[in-house]
Amino acid sequence: MAFRIYCGALATDGSRYEQRALVVDKGRIVAWEPYDPHRLARIAPPDVDAREYIALPGMIDLHIHGGFGRDMMEGTPEAIQAVAQRLVQHGVTAFLATPLTAPWDAIRNCIRAAREVREHGSEGARVLGCHLEGPFINPKRAGAQPPEYIRPPSVRELETELGDLMSELRIVTLAPELEGGLELTQYLTGQGIIVSIGHSDATYEQTLQAIEHGARHATHTFNAMRPFQHRDPSLAGAVMLRDELTAEIIWDNVHTHPATAHLLVKAKGIERVLCVSDGTTGVGMPDGYTFELWGHRAVVQNSAARMVETGGLAGSTIAMDACLMHCADTLGLEAASLLCAANPARALGYEGELGTLRPGACADFILWNPRTRQIEYTFIDGVLEQLESKTAGEPVSATNLNPYP
Ligand SMILES: [Zn+2]
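Predicted model only: the values in this text are computed from it and were never measured. (Residues numbered from 1 in each chain as written. Predicted model: local features only at pLDDT ≥ 70, side-chain atom pairs only at ≥ 80, totals over all residues.)

Before going further, it helps to spend a moment on the nonpolar core. Counting residues in hydrophobic clusters, the biggest one holds 119 residues, and the most contacted among them are Cys-7, Ala-55, Ile-80, Phe-95, Cys-275, Cys-327 and Cys-340. Element by element, the count of residues in this core is highest for helix H9 (residues 333-347), at eight residues. Per-domain counts for this core show at least three residues from each of domain 1 (3-57 + 356-384) and domain 2 (59-347). Counting residues in each nonpolar core, the second largest holds nine residues, with Ala-144, Phe-291, Leu-293 and Ala-305 among its members. (Core = buried A, V, L, I, M, F, W, Y, C linked by C-beta atoms within 7 Å. Buried ≥ 20, exposed ≤ 12 C-beta atoms within 10 Å, placed from the backbone. Helix = DSSP H or I, 4+ residues; strand = E, 2+ residues; numbered from the N terminus. Domains from an automatic or database assignment.)

Here we come to the sheet that holds strand S9 (residues 126-133). The strand order S5-S8-S9-S10-S11-S12-S13-S14 describes an open sheet built from eight strands, whose pairing is parallel. Strand pairing shows two members of the sheet lacking a second neighbour, strand S5 (59-64) and strand S14 (273-275), which therefore form its edges. Bridge count for S9 against strand S10 (residues 169-174) is four bridges, and the pairing is parallel. Across the sheet, the residue bridging to Leu-132 is Val-172, located in S10. Its contacts with the sheet put H9 on S5, strand S12 (217-218), strand S13 (246-249) and S14, and the angle it makes with S14 is roughly 115 degrees. (Pairing = 2+ DSSP bridges. Contact = placed C-beta atoms within 7 Å. Axes fitted to C-alpha atoms, helices over the stretch in contact; angles between N-to-C directions.)

Our focus in this paragraph is the pairing of S5. Here S5 lies mainly inside the structure; six of its six residues are buried. Bridge analysis of S5 against strand S8 (residues 92-97) gives four bridges, and the strand direction is parallel. Its bridge partner being in S8, Ile-60 is matched across the sheet by Ala-94.

Partitioning the protein chain into structural domains gives domain 1 (3-57 + 356-384) and domain 2 (59-347). Computed over C-alpha atoms, the centres of domain 1 and domain 2 are 30 Å apart. In this complex, domain 1 contributes 15 residues to the contact, which on the side of domain 2 involves 16 residues. Residue assignment for the side of domain 1 that touches domain 2 shows that the elements contributing at least two residues are strand S1 (3-12), strand S2 (15-25), strand S4 (48-57) and strand S19 (374-380). Considering only residue class, the side of domain 1 that touches domain 2 consists of six nonpolar, five polar and four charged. (Nonpolar A, V, L, I, M, F, W, Y, C, P; charged D, E, K, R; others polar.)

This brings us to H9. Compared with the 21 Å implied by 1.5 Å per residue over 15 residues, the 20 Å span of H9 between its first and last C-alpha is a close match. Largest kink in H9: about 40 degrees, centred on Leu-339. Counting buried positions over the 15 residues of H9 gives twelve, a clear majority of the element. Taken together, the buried positions of H9 are occupied by Ala-336, Ser-337, Leu-338, Leu-339, Cys-340, Ala-341, Ala-342, Asn-343, Pro-344, Ala-345, Arg-346 and Ala-347. Positive phi shows up at Gly-349, right after H9, with a value of about 90 degrees. (Expected span 1.5 Å × (residues − 1). Bend = angle between axes of the 7 residues up to and from the residue.)

Right, let's get into the environment of Asp-36. Of note, Asp-36 is situated in the loop between strand S3 (28-34) and S4. Separated by 16 residues in the primary sequence, Asp-36 and Arg-20 place their C-alpha atoms 8.9 Å from one another.

With that settled, consider unusual backbone geometry. That bond from Pro-45 to Pro-46 is cis: its omega, 10 degrees, falls within 30 degrees of zero. Summarising the element assignment, Pro-46 is placed in the loop between S3 and S4. Look at Asn-302: it is not a glycine, yet its phi comes out positive at around 50 degrees. In this structure, Asn-302 sits in the loop between strand S16 (296-301) and strand S17 (304-307).

This is the structure in structure tokens:
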């Protein structure tokens, strides 16, 4: 049965529309209806009163390893489901499970678990497939990836080790400047898998070669990549300049200064940059919490995860809701939503289907409270996900939000 969600405003595709009701039917947004707040009669179930909220499309995280004390590299469907269920509290409605550089059997277990959750459902955010980060990366730019498991790029090795699990890969992060890197780039592109340049020491010229061989994406821009210098623009310069590449950014104000993230958006345009969390097991965990990245310990300290041995950054401790707010501080909410929803959806080929509130899209959306600057409700397929209150004890303002419309 169709129902209406009366929203204070909709923010989607870079614009804001005041006083609109979203009409939802069979898990899809089917229409928008303007309403006059002074003439509105009582809103009764199954319709939903969300007049104090701004509806935004659900966020899509293309790069996340875990969170809330769980690691997707545990390699069980249960671990991935546990993360997926907590992610809805942070406004994430879809994500790519992201195995990191590790022994092949651990990578296989993670991908196999992700496939099972994708096929059978997560009871939380959707799993859209996998983003394989490594092992074909440059040891010079390993960052927090365990160096002992880094491998030279090899089409044959990837095919042999993954077999039919290849079909779960949506993005592969690799270093194209290594021997065999261009061949692997071309092969993956031919398979319909997005090649993302990352953990790479590629020069500007080497990056252009990779683009010619099909590379279309850049992994956490500026982090673990050869930096921009005016006589050596390098990979970072090519990411800013070349329209062929979409660019990930970890907008946590720790991995990059907000001005640097802003510069990236100015250089590439608002539609070619997307926020990722690069979230680790430490997401949502308190200071002092320690976890392991394949034999290397990391600790959560001041909103960052750092390697105990080196002090280097070890992925983030935030989810996409924090990225959205940091980004909104610089660009405004409507633009921030592009970076967190529409742009990642388009990068993966879901334009019009996910990451937007336009009629025809999946009814995956969030209700954001402008007073508390919090995401308070998350809907997937038009169904309200059960959220633990993030502000315990505070009454919910939309009194007749109906959990089972
Ligand atoms: Zn990562």
